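Okay, here's what each chain looks like letter by letter:
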Amino acid sequence: MKKVGLITFFINNYGSLMQAYATKTFLIKNGYTPVLIQKEPFGITEEEYKNNLKKHPEFEKDFKSFMDSLVKNDSLVPEESEKEMDAFREKVLQVSRFTMPEIRDMGQSDEYMAFIVGSDQVWNTTIGIVDEYFFLGFAPQHKRIALCPSFGAGSVHEYLRDEISDALNGFEALSSREDEGVRLIKELTGRDALRLSDPTILLTTEEWKEFAGVSGADEKGYLMLHFLDKPYDIAVKNVKKIIKETGMKVKCFVARHEEFSDIDGIELVTGGPKEYIKTIANAGLVCTDSFHTSIFAINLDSDFYTFDRQYVHGVTQISRITTLLKRYGLTDRLILGDNDKIDTKNMSISTDTNETKNNERKTLSEYLLKELAKRK
C-alpha cells in the first residue's frame, strides 16, 4: 500500500495531538500507511519572510502582532506535561521531519498516493502568509485532500484573498470544519465545500476510553477546569457558583490560572494525552474555553459548559464552538454573557447526542475514504 502524507498540527496542544492521532488511527484501520510530515525547520524561514514581505508589505505588521501574542500567553503547559506530549508525538504519532525541498520531492514521488491537510487551524492566515506546506502546493492537484481544515477566523486579510483563492482552487474537493469556513470558501472561490466534523469524532466513545485506560476504579464526579487562556470574569463567577452550590471537588487540568487561586482544595492535574482524555471522561462536569475539550466532553458523554475565550492573539474563534454546539443541539452549553443561566440543580445534558455523533462520524469517514479511493 502506498503512503499517505498527513499535514496537520501536532504541537504541544492536547486537541491538536488528539485530532492527528484519530486521523492516523483511522487511516491505519482502513489499510493505509499514514506518514505525519513536519516541515523542518517548522514555521516561517527568513527566506519565506523576505519573499512574502516583497509581495505583501502589510504582512510585517500582522506577523509581528501574531508573534507578540505568543509571548503574552500566560497559560503555558507545565514541563512534566510537555515531556509527556513530546513522548506521545515521537513514540505514538511517530512524526517524520523533512526540509521543504525534500517535501516537494515527496509530492512528485510515486511513493505517496495522496496528501491530506487538516484538521485544526492549518488554514489560519492571520499571520499574514499563505504557506505552500499547509495548502499542499508542493503536490500535484490530484494528490491533494482537504480534511475539514479550519481558517481559525471568520475573515482573511484583504491582501491575501487572491492568493488564498488560488490555493483553494488547487483542490479537487473542499471541506471545512466550521460553517464560517464553508462560507469563506464560497466567498473566495465560488465553490461549495462540505462541512465536516473534527477528526476526533472518527473514534467512538468506547475507543477513546480504551485509549485512555478509563476504568470503574477511577475517581469520578469532580468538576474539571480546563481554560487555555485567562478566564473571563463570567467564567470565574459561574465556576465559583457551581462549587458553592454543589460542593464538587475541583480538578484543574494543566493550567492553573490566578483567577482560580482562591478556590479551596483545587487539585492540579498534569500529564499527557491519556490523562487529558481520562480526566474529561470521569468528570461530573467540565468547564472550559477549549474547542477540543468541548467536543471530547460530547463524545465521552460528560456534562459540560463552554465559556468564551480571551484569545491572546486578539482574533475570536467562537465560530468553531457555535458550529459544534448547534450540530448537537447544545447551544445552551455556551456561556457568553454576564448572566446566571447555569442551573446547578439541572446540569445533565438533556439532548441525546448519539445519533448526531454517528452521523458526523459516518459523513466524515465516507468523505475521506471516497477521496482516497479516487487516488488508488
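Given the structure is predicted, the values throughout are model-derived calculations rather than measurements.

**Things to note about the overall build of the chain**
- Of regular secondary structure, the chain possesses 13 helices and 13 strands.
- Here the C-alpha atoms of the chain give a radius of gyration of 21 Å, agreeing with the 21 Å that 2.2 N^0.38 yields for 376 residues.
- Projected onto its principal axes, the C-alpha coordinates of the chain cover approximately 60 × 45 × 40 Å.
- Sequence separation of at least 24 residues holds for 75% of the intrachain contacts in the chain that already meet a minimum separation of 6.
- Here the chain displays about 16300 Å² of accessible surface, and carbon together with sulfur accounts for 48% of that area.
- Looking at charge distribution, the chain has the averaged site of its 50 positive side-chain charges lying 3 Å from that of its 60 negative ones.

**Thoughts on empty space enclosed by the protein**
- Applying the stated rule across the entire model yields 1 cavity of 30 Å³ or more.
- The calculated volume of the largest cavity comes to roughly 60 Å³.
- Around the largest cavity, the lining residues are Arg177, Arg195, Ser197, Asp198, Phe291, Ile295, Arg320, Thr323, Leu324, Arg327 and Glu360.
- Examining the composition of the lining of the largest cavity, we find that 4 residues originate from one element, helix α12 (residues 318-327), more than from any other.

**Details of the layout of surface pockets**
- Approximately 280 Å³ is the volume found for the second largest pocket.
- Along its surface, the second largest pocket is lined by 17 residues, and Thr45, Glu48, Met100, Arg104 and Glu132 are the ones closest to its centre.
- Sorting the residues of the lining of the second largest pocket by element identifies α2 (46-55) and α5 (100-108) as the ones contributing at least two each.
- With 4 residues, α2 is the largest single contributor of residues to the lining of the second largest pocket.
- Residues that form the lining of the second largest pocket fall into these classes: 5 nonpolar, 4 polar and 8 charged.

**A word on the sheet that holds strand β8 (residues 223-226)**
- Taken in spatial order, the 6 strands of this open sheet run β10-β9-β8-β11-β12-β13, and their pairing is parallel. What marks the edges here is a single partner per strand, and that holds for β10 (267-269) and β13 (334-335).
- Where β8 and strand β11 (residues 285-288) come together, 4 bridges link them in parallel fashion. Residue pairing for β11: His226 is matched across the bridge by Thr288.

**Topic: the pairing of strand β9 (residues 250-253)**
- Every second residue of β9 is oriented toward a common face, with Val250 and Cys252 on one face and Lys251 and Phe253 on the other, all of them buried.
- Relative to β9, β8 is paired through 3 bridges, and the arrangement is parallel. Note that in β9 the partner of Leu225 across the bridge is Cys252.
- Looking at chain direction, β9 and β10 are connected through 3 bridges and run parallel. The residue bridging Lys251 from the neighbouring strand is Glu267, located in β10.

**Quick notes on the sheet that holds strand β5 (residues 144-146)**
- Strands sit in the order β3-β2-β1-β4-β5 across an open sheet of 5 strands; the sheet is parallel. Of all strands in the sheet, those with a lone pairing partner are β3 (96-98) and β5, marking the two edges. Here the strands of the sheet are splayed against their neighbours by 35 degrees on average, with no regard to which way each runs.
- Bridge count for strand β4 (residues 112-117) against β5 is 3 bridges, and the pairing is parallel. Looking at the pairing, Ile116 lines up with Ile145 of β5.
- Sheet strands touched by helix α1 (residues 14-29): β1 (3-7), β2 (33-39) and β4. Its angle to β2, the strand with the most contacts, is close to 150 degrees.

Each value, and the rule that gives it
- Residues numbered from 1 in each chain as written.
- Predicted model: local features only at pLDDT ≥ 70, side-chain atom pairs only at ≥ 80, totals over all residues.
- Heavy atoms only, no water.
- Helix = DSSP H or I, 4+ residues; strand = E, 2+ residues; numbered from the N terminus.
- Rg over C-alpha atoms; globule rule 2.2 N^0.38 Å.
- Contact = heavy atoms within 4.5 Å.
- Areas by Shrake-Rupley, 256 points an atom, 1.4 Å probe, with all protein chains shown as cover.
- Lys, Arg positive; Asp, Glu negative; His and termini not counted.
- Charge placed at Lys NZ, Arg CZ, Asp CG, Glu CD.
- 1 Å grid on protein atoms, 1.4 Å probe; cavity = no way out; pocket = protein on both sides within 12 Å on 5 of 7 lines; lining within 4 Å.
- Points joined across faces, edges and corners; volume = space filled by probe spheres on them.
- Nonpolar A, V, L, I, M, F, W, Y, C, P; charged D, E, K, R; others polar.
- Pairing = 2+ DSSP bridges.
- Buried < 20%, exposed > 50% of the residue type's maximum accessible area, 1.4 Å probe, protein only.
- Axes fitted to C-alpha atoms, helices over the stretch in contact; angles between N-to-C directions.

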